[in-house]
Amino acid sequence: MKSEKFELSKESRIILNSLKPVVKGIATVFGKNCEVVLHSLEDISHSIIKVENGYITGRKEGAPLTDLGLNILEKADS
């Protein structure tokens, strides 16, 4: 997978942003030992747009997609 940027449509951006409260809800339901991360593939070098319980792995908003995520995307792309 190339590290290029993809532009989301206005509608896609609205939908993605509407999922941010869901991230918090999932983390609340599953508890403090469950990290929940929302990614945008617009820019995989800064893909995390929302994270709850990020202390588990140290990930923060603005962090890149991991190698595991990239591998999953490459397999889905082929």
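Up top is the structure these notes are about.
This write-up is about the structure you can find in this document. These figures come from a predicted structure and were not determined experimentally.

1. Re the overall build of the protein
Helices and strands together make up the secondary structure of the protein, namely 3 helices and 2 strands. The N-to-C order of helical and strand elements in the protein reads α-α-β-β-α. Based on the C-alpha atoms only, the size of the protein along its principal axes is roughly 35 × 30 × 20 Å. In the protein, the share of contacts with a sequence separation of at least 24, taken over all contacts with a separation of at least 6, comes to 31%. Working note: accessible area of the protein is about 5,600 Å², and carbon and sulfur atoms make up 58% of it. Side-chain charges of the protein comprise 11 positive and 11 negative groups, with the mean position of each set lying 7 Å from the other.

2. Focus on the packing of helix 1 (residues 10–18) against helix 2 (residues 20–30)
Their axes nearest at 4 Å, the elements helix 1 and helix 2 cross at an angle of 25°. With respect to helix 2, the element helix 1 is oriented roughly parallel. Judged by residue contacts, Leu16, Asn17 and Ser18 of helix 1 engage Lys20, Pro21 and Val22 from helix 2. Here the contact of helix 1 with helix 2 is composed, by residue class, of 3 nonpolar, 2 polar and 1 charged.

3. As for the environment of Ser9
Inspection of the secondary structure assignment puts Ser9 in the segment before helix 1. Taking the relative accessible area as the measure of exposure, Ser9 reaches 33% and is therefore partly exposed. A polar side-chain atom of Ser9 sits 3.0 Å from a polar atom in the side chain of Ser12.

The rules behind these values
- Residues numbered from 1 in each chain as written.
- Predicted model: local features only at pLDDT ≥ 70, side-chain atom pairs only at ≥ 80, totals over all residues.
- Heavy atoms only, no water.
- Helix = DSSP H or I, 4+ residues; strand = E, 2+ residues; numbered from the N terminus.
- Contact = heavy atoms within 4.5 Å.
- Areas by Shrake-Rupley, 256 points an atom, 1.4 Å probe, with all protein chains shown as cover.
- Lys, Arg positive; Asp, Glu negative; His and termini not counted.
- Charge placed at Lys NZ, Arg CZ, Asp CG, Glu CD.
- Axes fitted to C-alpha atoms, helices over the stretch in contact; angles between N-to-C directions.
- Parallel < 35°, antiparallel > 145°, perpendicular 65-115°, else oblique.
- Nonpolar A, V, L, I, M, F, W, Y, C, P; charged D, E, K, R; others polar.
- Buried < 20%, exposed > 50% of the residue type's maximum accessible area, 1.4 Å probe, protein only.
- Polar contact = N/O pair within 3.5 Å; in protein donor to acceptor, adjacent residues only side chain to side chain.

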